[in-house]
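Overview (structure and organization)
Single-letter residue listing:
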Amino acid sequence: AYGARDGAVDAADFFYFLDQFTLANVAIADLSGSSDPSDPAYGVPDGLVDASDFFYYMDLFVAGCP
C-alpha cells in the first residue's frame, strides 16, 4: 500500500512524498513553480523538483483532506 491513497493525510504521506522528492521524481514531486501563493506559478508544475515543490506540498499537507 506504499504510495496508495487511503483518504487520510498522515506521516506515511509525508514520507512517501519525501522519498519521491529525494529521487527527483518529476511525475510525483513536481507540484509547483513557486512557493508564493500569490504567484501565478503556485500549484503549477514546472518540470523541476525543487524547494518550491516541497513548500507547496507542505501547504497541502497542513490543509489535510477536504
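This is a predicted model, so every value here is computed, not measured.

1. Quick word on the overall build of the chain
What the chain contains, in helices and strands, is three helices and zero strands. From first element to last, N terminus to C terminus, the chain shows the α and β order α-α-α. The C-alpha radius of gyration of the chain comes to 12 Å, within 12% of the 11 Å expected for a compact globule of 66 residues. Dimensions of the chain, computed from the C-alpha atoms along their principal axes, are close to 35 × 25 × 15 Å. Split into buried and exposed, the 66 residues of the chain put 18% on the buried side. Across the chain, every contact between residues at least 6 apart in sequence was considered, and the portion connecting residues at least 24 apart equals 36%. When the accessible area of the chain is evaluated, it comes to approximately 4300 Å², of which 63% is carbon and sulfur surface.

2. Let's talk about helix H3 (residues 51–63)
Taking 1.5 Å of rise per residue, the 13 residues of H3 would be expected to cover 18 Å, and the 19 Å separating its terminal C-alpha atoms lies within 8% of that figure. Among all positions of H3, only Ser52, Asp53, Tyr56 and Tyr57 are buried. With its buried residues spanning 130° around the axis, H3 presents them on a single face. Tucked inside the fold, the buried residues of H3 contact helix H1 (11–22) and helix H2 (26–29). Phi turns positive, to about 75°, at Gly64, one or two residues after H3.

3. Examining the nonpolar core
Listed in full, the six residues of the largest apolar core are Phe14, Phe17, Ala29, Leu31, Tyr56 and Tyr57. Breaking this core down by element, the ones donating at least two residues are H1 and H3. The residues contacting Tyr57, other than those within four sequence positions of it, are Asp13, Phe14, Phe17 and Leu31.

Definitions and cut-offs
Counting starts from 1 at the beginning of each chain's written sequence and moves along it residue by residue. This being a predicted model, a pLDDT of at least 70 is required before a residue's local features are given, and a value of 80 or more before pairs of side-chain atoms are given or counted; all residues contribute to the totals for chains, interfaces and linings. Here the side-chain values reflect all heavy atoms present in the structure, with hydrogen atoms and water set aside. Numbering goes from the N terminus for both helices and strands, where a helix is a DSSP run of H or I of at least four residues and a strand is a run of E of at least two. We take the radius of gyration over the C-alpha atoms and set the globule estimate at 2.2 Å times the residue count to the 0.38 power. Each residue is placed in one exposure class: buried if its accessible area under a 1.4 Å probe, protein chains only, is under 20% of its type's maximum, exposed if it is over 50%, and partly exposed if it falls in between. In this analysis, two residues are considered to be in contact whenever any of their non-hydrogen atoms come within 4.5 Å of each other. Under the convention used here, a 1.4 Å probe and the Shrake-Rupley method define accessible areas, while residue burial counts only the protein chains that appear. A helix is expected to reach a length of 1.5 Å times the quantity of its residues less one. Directions pointing from the helix axis toward each C-beta atom define the arc. The criterion is simple. A nonpolar core is a set of buried Ala, Val, Leu, Ile, Met, Phe, Trp, Tyr and Cys residues joined through side-chain atoms within 4.5 Å.

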